[in-house]
Amino acid sequence: MKKIKVLFIVRQMNMGGIQRQLINLVSKINKKKYDPYVISFYEGGLLEKELIKSNTHYKSLNKNKLSNFTFLIKFLKVVHDI
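Throughout what follows, the structure given in this document is the object of discussion.

Definitions and cut-offs
In this numbering scheme, every chain counts its residues from 1 along its sequence in written order. It should be noted that, the model being predicted, local features are given only for residues of pLDDT at least 70 and side-chain atom pairs only at 80 or more, the latter also being counted only at that level, while totals for whole chains, interfaces and linings use all residues. Calculation of side-chain values draws on the structure's entire complement of heavy atoms; hydrogens and water are dropped beforehand. Note on aromatic pairs: the rings of Phe, Tyr and Trp (six-membered ring only in Trp) are paired at centre separations within 6.5 Å, and the planes decide the class, stacked below 30 degrees, edge-to-face beyond 60, tilted for the rest. Strands are runs of DSSP state E lasting at least two residues, helices are runs of H or I lasting at least four, and both sets are numbered from the N terminus onward. Here's how the labels work: a residue is buried when its accessible area is under 20% of the maximum for its type, exposed when over 50%, partly exposed in between, all with a 1.4 Å probe on protein chains only. DSSP calls a pair of strands paired once it identifies at least 2 bridges connecting them. By convention, a crossover is right-handed whenever its connection, traced from the first strand over the helix to the second and viewed with the strands pointing away, goes clockwise. Buried Ala, Val, Leu, Ile, Met, Phe, Trp, Tyr and Cys residues form a nonpolar core when they are joined through side-chain atoms within 4.5 Å. What makes two residues a contact is simply this: any of their non-hydrogen atoms within 4.5 Å.

A few points about the packing of aromatic side chains
- Following the criterion strictly, the structure yields two aromatic pairs and no others.
- With centroids separated by 4.9 Å and ring planes inclined at 75°, the aromatic side chains of Phe41 and Phe71 adopt a geometry described as edge-to-face. In this pair, Phe41 is assigned in the loop between strand 2 (34-40) and helix 2 (45-53) and Phe71 in helix 3 (residues 68-81), connecting sequence segments 30 residues apart. For the pair shown, Phe41 and Phe71 are each scored as buried.
- Arranged with centres 6.3 Å apart and planes meeting at 25°, the rings of Phe71 and Phe75 form a pair that is stacked.

Given below as structure tokens:
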């Protein structure tokens, strides 16, 4: 059976309520059935470390260094590749 890909998009990497819920969700998701992916707009922070620990596919787009158009193109490419 093919795994179902699930994409989560996070704007901030600091550990707030949404980020804690995301870590809880991806660490407890049935990874035999689902393949979770997380895309973040910015890199670093505690959330990145927790995602790596939970063995979740993770990609940071580093929005600070990109124009809005370049960011959009990069975002769409990452989503397409998933």
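So, the pairing of strand 3 (residues 57-60)
- Here four bridges tie strand 2 to strand 3, and the two strands are oriented parallel to one another. Within the sheet, the bridge partner assigned to Val38 lies in strand 3 and is Tyr58.
- Note that the unit made of strand 2, helix 2 and strand 3 has a crossover that is right-handed.

A look at the nonpolar core
- If you look at the biggest cluster of nonpolar residues, it comprises eight residues: Phe8, Val10, Leu22, Ile23, Val26, Val38, Leu47 and Leu51.
- The set of elements that each furnish at least two residues to this core consists of strand 1 (4-10), helix 1 (17-28) and helix 2.
- No other element matches the three residues that helix 1 contributes to this core.
- In this structure, Leu22 is in contact with Phe8, Val10, Val38 and Leu47, ignoring residues within four places of it in sequence.
- By size, the runner-up hydrophobic cluster in this structure holds six residues, among which are Phe41, Leu61, Phe71 and Val78.

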